[in-house]
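The chain contents come next:
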Amino acid sequence: MGYNKLYLLMLLSSCTLAQQDNGSNENPSTCLSTSRFKVNKKYIYQYITESSNGVVGTANLKNGPKVTCQVEIEVPQTCGFIMRTMECTLSEVVAMDHQGQPVYKQSNGSWAFQAAMARNPLKFSVQQTTSVQLYPESTEPVNILNVKRGIISALIVPAMDEEEASLLSTLHGQCLTEILVNKKKDIAVDVTLSRDLSQCDQFYSRKLANSPLALVQNLHRPLTKLITSKQECNYHFDNKGKHIITAMCKEKHIYLPFSNRDDGILSVVTQELRFQSCKRMNKRVFDVDPSHKKPLYFEEPEDKSPFQTKDAALSTLSDLQSLTGSDHGQKRTSLFHKLVSTLRNLRNETLSQTVSEMLRLSTWFTWQALLQCGTPECTSAILQAIRTLDGLALEVDALVYVLSLQANPDAARVGDMLSMTQYKQSKIIMYALGNTVKKFHQGKKTPEVTAVSEFMRTLLNDCSGEMNDDFNNLPPDPEAMSFLVLRVVGVMGQAMQTVSPDLISSIMKCVKRSDISLSNKKAAIQAFRQMDINDEIKHFLKEVYQDPLGDVEIRIAAYLILMKNPDQAIVTDIVNNIEAMKDDQLKNFVFSHLKNIQKSNEPQMHWYREYIELALQDRLLTTNEVIDGKSRNYKIESPVGAVWGNIIFDATDTLPKEVMLETTLKVFNYNYDIFEFSVEGRGLEPTVEALFGENGFFPDSISRVMYWAGDQAQMIKEVLHRMAPKTDRIKKQASQALLNDIAKTIRKLMKDVRSSPTPEATVYLKLLGNEMYVKTSEIRKMAENLFMYFSVFFQVLPPQIFFEFTSRTDNEFFIHYIFMENSFSLSTALGFPLKFSLAGVFAPGAKGGMTVYSNTGHLAFMPSIGLEFITQMGVHAPDYVEAGIEMHTNMYHEHSLNTKVTINKRQIRLSIPAPKSNTQLFTFSNKLVSVSSGQAMTIPFLVVDRTNSTDCHPLFSGLKICTLVHYSNASSRDQAPYFPLTSETIFS
């Protein structure tokens, strides 16, 4: 009996194991990868991948990284895999041997790379060859994960019995793949897969840092079309086990403008997998965290240099400075581009120290480089550096605001803007912070936005007027500070609502206070305009709107916020109580607004119209017609957009308190806010009365002119009568001549204006999502500043410049401008990005001056213009290995004009000495550079034949101008482009 039980147990166990090993064959559609990798087994491979960046037709000089690893693939469950990468090494090309093969040396970051690759196993699932999900650890760096993606991509091969094209998941996304079966036994044992990577859905250009000041940029998508990218893989399978024995993939990226017959500047990536062994395993645990799920396709890593030191930037800046007075001006453009590129590769910690030393060396060159850098780290460095600028408050504010307009800010930029605002609370800097937070916030609570909200709540302090002494540059009026904070909170309303309920409560307390100004209360209500009107805010605004003792402007502001997204209960309550309103201004405005909603044809107004109809219950909004001259809402609709407007009066004044205009543009059934403009005035009535009142300047002056004209100028009388038709002052008699009377009227006007309170108006402008407001007093300050700059640039600087120019001959001034820049990266099977950049640098300047002694003068003037196009391409390892090929096309002009000027009483004599030797006018050169390990090496051309062309033209007095062109042909005309290496234009 015992033997029977043992036999039955062994039979059941063998059946279970058989089902586990062969279950995939019974239902291959469940998990195609089980046809290659069996459950409860571990497969061990040797993995080698490398990149080669080079130029065909030149000396056989290449560069690029190489990775070798031992890869283990565990299969604990059907469709579930665990990959471990161990004993990895990272190498780079350091030389070429006599056979033209690259010589590799272990890179400085190899040990760090090995530790990072082995630290975390990578779990992934393969349901189909088009459904691959990764479950990495949350601490896995992106560049390490991409390398592992490349390994998995090479392992995804379908079980094919015939040739066909199919979609496969790869590191480049879903790719249409051609399948060619080269050899077949029981299964296909030799298979070739080929794909055009441009057809993969995730193979696209990922924009890198560009100069924000460049005129030509954002062309990375069309430039991608100039790079051809193809991949071909060959697989050999075990006929019995069906697993991969060897896999060889070759990926080729070619830059077409510098290519001929698929050669030129290119990057080649190879992958090799070699089967080592297969072992049985008992581990069956495959626990994954769905929140960590990521796709197989490439993810853009942070692109920073492995050499985080300030030496390279400081050395480049010193080289740029040393060009002063030298004969190597043609290097200026490439050196400046190298300086900007070096700054982009530095992280915050290193960059802040570097910029401090650079400013001590050359403020002029450092600021030119920083403003054209374009990385978040450079923005941080700019914000730190401008704190050291003294006496340039307006310029600093303008620069900070421009930085806030950049798209896609990150957490570091929010922190930098907050630090700048904590250092200086000017209006423009506060709005810059608001714009940055608004663009950064994506609906989640983050520490950076929380810190901003806490800072705003501290500044506001329930509108109590009590300010913390730690804050700098606060306005003398605490209410002005509260008004500014409320306006800025309104800009980033959704972000503040998400992270700070306490700030919302503080805003509500501001509205309830009786000891603050009307404008601050109104600003507090308008702070809710970008927020979601939840039940708490809705109840609060409803109370403000229905308060019979409230000011009409406050009640209208609350009403407009409520009606941004009302529900049926709110609309019903408003409609039912409209007749009970005692304030005619409010009643007229609400009535006109509801009528405009009823007449609106905009789709988004559909629900609001239904709410109004349900609230009316077959009644009509005709019991109170809209009255002109009172507060009201306007609306004009057209097929391409709509214009909304508000005019708000109160019961005490004849002039409107606020005029608002808002326009939207309708494109493809979407409404885009173009601009919103409003003017809010205070204290205007006395001035208007002095100008246009019964005893004002214009009616009195018109009366006197009409009396003086009499019947002799009937046409003038009719025109003046139309300007003031209701005046009865025509019959007044003038006791003196007309001009004397008008002079008295002017003196009276000036007296009335001086004695009246200074009028103040606030202008609010929202243009394409960016908001700002300004007061008339600030406009006056702006006008004064503009006049000051006009005086400096047109009155003070010209004499100073002239003095410098006429007192010495060694003056020098150069500017450097990256007018074109387009940088992007593409994915590669290696897992490292292929970086491409096309930049154009322009560097004009001049050296010279003039000296005058008694009757003799000496003039020296040397204009210099440099123009260079720099093309960069290559596969590199971010944080570990630098590699790439650069093509420099340089055009340079420099001319030295040394003259003598003799001045006497009768004549001015100008003499220009003839050149004693050849004088260079223009040079053109092409240069190829190999960049690796922080070093640059010029690539020599393999010259088979050389063509020298000389063309001279006579000028005068024996002078002639000649052009010398040197063409260089590489190993064959059919292999490489045939372009001039150097060209010179000289005086002879």
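Residues numbered from 1 in each chain as written. Predicted model: local features only at pLDDT ≥ 70, side-chain atom pairs only at ≥ 80, totals over all residues. Heavy atoms only, no water.

A. Expanded view of the packing of helix 9 (residues 376–385) against helix 10 (residues 393–404). It is the contact of helix 9 with helix 10, at a shortest axis distance of 11 Å, that shows an interaxial angle of 160 degrees. One finds that helix 9 runs roughly antiparallel with respect to helix 10. The hand of the helix 9/helix 10 crossing is left-handed. On helix 10, the residues touching Thr-379, Ile-382 and Leu-383 of helix 9 are Leu-399, Val-400 and Leu-403. Tallied by class, the residues present in the contact of helix 9 with helix 10 amount to five nonpolar, one polar and no charged. (Axes fitted to C-alpha atoms, helices over the stretch in contact; angles between N-to-C directions. Helix = DSSP H or I, 4+ residues; strand = E, 2+ residues; numbered from the N terminus. Parallel < 35°, antiparallel > 145°, perpendicular 65-115°, else oblique. Left-handed = near helix turned anticlockwise from the far one by under 90°. Contact = heavy atoms within 4.5 Å. Nonpolar A, V, L, I, M, F, W, Y, C, P; charged D, E, K, R; others polar.)

B. A look at the state of the cysteines. Summed over the entire model, instances satisfying the criterion amount to five disulfides. Residue Cys-175 pairs covalently with Cys-200 via a disulfide, S to S 2.0 Å. Torsion about the S-S bond of the Cys-175 and Cys-200 cystine: about 120 degrees, corresponding to right-handed handedness. Separated by 25 residues along the polypeptide, Cys-175 in strand 8 (residues 173–184) and Cys-200 in the loop between strand 9 (188–196) and strand 10 (206–207) bring together distant segments of the chain. Look at Cys-175 and you get buried, because its relative accessible area is 0%. Covalently, Cys-463 is tied to Cys-510 through a disulfide, its sulfur atoms 2.0 Å apart. (Disulfide = S-S within 2.5 Å. Buried < 20%, exposed > 50% of the residue type's maximum accessible area, 1.4 Å probe, protein only.)

C. Seen up close, the pairing of strand 4 (residues 102–106). Relative to strand 4, strand 3 (residues 80–96) runs antiparallel, the two being bridged by five bridges. Bridge pairing in strand 4 links Ser-91 to Gln-106. Here strand 3 folds back onto strand 4, and the loop between the two strands holds five residues, one of which, Gly-100, carries a positive phi near 80 degrees. (Pairing = 2+ DSSP bridges.)

D. The arrangement of the packing of helix 6 (residues 332–344) against helix 8 (residues 363–371) in detail. Where helix 6 contacts helix 8, the axes come no closer than 9 Å and their chain directions differ by 60 degrees. Crossing of helix 6 over helix 8 shows right-handed handedness. Here helix 6 contributes Arg-332, Phe-336, Leu-339, Val-340 and Leu-343 to the contact with helix 8, which in turn contributes Phe-365, Gln-368, Ala-369 and Leu-370.

E. The arrangement of the confidence of the model for the protein chain in detail. The pLDDT averaged across the protein chain works out to 77; a share of 66% of its residues lies at or above 70. Within the model, pLDDT remains below 50 along residues 722–736, and this stretch shows 20 contacts once partners closer than five positions in the same chain are excluded. Every residue in residues 969–979 scores below 50 in pLDDT, and together they form 32 contacts with partners more than four places removed in sequence or on other chains. (pLDDT = per-residue confidence, 0-100.)

F. Looking closely at the packing of aromatic side chains. Taken as a whole and assessed by the stated rule, the structure comprises twelve aromatic pairs. Geometrically, the ring pair formed by Tyr-545 and Tyr-559 is tilted, given 5.6 Å between the ring centres and 35 degrees between the ring planes. Of this pair, Tyr-545 sits in helix 18 (residues 535–546) while Tyr-559 sits in helix 19 (residues 552–562); the two residues are 14 residues apart in sequence, bridging distant segments of the chain. Plain terms: the ring middles of Phe-819 and Phe-869 are 6.0 Å apart, the flat faces sit at 85 degrees to each other, and that makes the pair edge-to-face. Linking Phe-819 in strand 22 (residues 817–826) with Phe-869 in strand 24 (residues 856–875), this pair joins segments that are 50 residues apart in sequence. Note that Arg-206 overlies the ring of Tyr-204, its terminal NZ or CZ placed 4.2 Å from the centroid. If you follow Arg-332 out to its NZ or CZ, it ends over the ring of Phe-814, 3.8 Å from the centre. (Phe/Tyr/Trp six-rings, centres within 6.5 Å; stacked < 30°, edge-to-face > 60°. Lys NZ or Arg CZ within 6 Å of the ring centre and 35° of its normal.)

G. Broad picture of the environment of Ala-209. Checked against the element boundaries, Ala-209 lands in the loop between strand 10 and helix 4 (220–224). Sequence-distant contacts of Ala-209, defined by excluding residues within four places in its chain, comprise Arg-344, Cys-373, Gly-374, Thr-375 and Ser-823.

H. Representation of the side chain of Ser-426 in the model. Within the secondary structure, Ser-426 is located in the loop between helix 11 (411–423) and helix 12 (427–440). Residue classification places Ser-426 among the buried positions, given a relative accessible area of 12%. Those residues within four positions of Ser-426 in sequence are excluded, and the remaining contacts are Asp-397 and Leu-484.

I. Examining the nonpolar core more closely. Ranked by size, the top nonpolar core spans 110 residues in total, and within it Met-456, Ile-507 and Phe-528 carry the most contacts. In contact with Ile-507, other than residues within four places in its own chain, are Leu-460, Leu-486, Val-489, Ala-524, Ala-527, Phe-528 and Met-531. In this structure, Cys-88, Val-147, Ala-247 and Phe-819 belong to the second largest nonpolar core, which totals 78 residues. (Core = buried A, V, L, I, M, F, W, Y, C linked by side-chain atoms within 4.5 Å.)

J. How the structure looks around the pattern of salt bridges. Counted under the stated rule, the structure contains 19 salt bridges. Put simply, Lys-424 and Asp-397 hold a salt bridge, and the shortest N to O gap is 2.9 Å. Note that Lys-424 is positioned in the loop between helix 11 and helix 12 and Asp-397 in helix 10, a separation of 27 residues in sequence. Notably, a salt bridge pairs Asp-515 with Arg-513, separated by 2.9 Å at the nearest N-O pair. Counted as one network, the salt bridges with shared partners bring together Arg-149, Lys-294 and Glu-299. (Salt bridge = Lys/Arg side-chain N within 4 Å of Asp/Glu carboxyl O.)

K. Inspection of a nonpolar patch on the surface at higher detail. Together, Leu-215, Val-216 and Leu-219 make up an exposed nonpolar region whose accessible area comes to about 270 Å². Relative to the helices and strands, Leu-215 resides in the loop between strand 10 and helix 4. Take Leu-215: its relative accessible area is 71%, and that puts it in the exposed class. (Patch = residues over 30% accessible without salt bridge, like charges linked within 9 Å, V, L, I, M, F, W, Y side chains within 5 Å. Areas by Shrake-Rupley, 256 points an atom, 1.4 Å probe, with all protein chains shown as cover.)

L. Spatial organisation of the environment of Gln-935. Relative to the assigned elements, Gln-935 resides in strand 29 (residues 935–938). Measuring from C-alpha to C-alpha, the distance between Gln-935 and Ala-883 comes to 9.4 Å, with 52 residues separating the pair along the chain.

M. Inspection of helix 20 (residues 568–576) at higher detail. All of the buried residues in helix 20 are Ile-570, Val-571, Ile-574 and Val-575. Looking down the long axis of helix 20, one finds its buried residues gathered within 125 degrees of arc, a one-sided arrangement. Where helix 20 is buried, its residues meet helix 18, helix 19, helix 21 (584–599) and helix 22 (606–616). (Arc of directions from axis to C-beta.)

N. Seen up close, helix 9. Of all ten residues in helix 9, eight are buried, a share of seventy percent or more. For helix 9, the set of buried residues is Glu-377, Cys-378, Thr-379, Ser-380, Ala-381, Ile-382, Leu-383 and Ala-385. Where helix 9 is buried, its residues meet helix 6, helix 7 (348–361), helix 8, helix 10 and helix 11.

O. Structural context of unusual backbone geometry. At Lys-242, a residue that is not glycine, the phi angle is positive and equals roughly 70 degrees. Checked against the element boundaries, Lys-242 lands in the loop between strand 11 (227–237) and strand 12 (244–255). For Lys-242, a relative accessible area of 24% translates into the label partly exposed.

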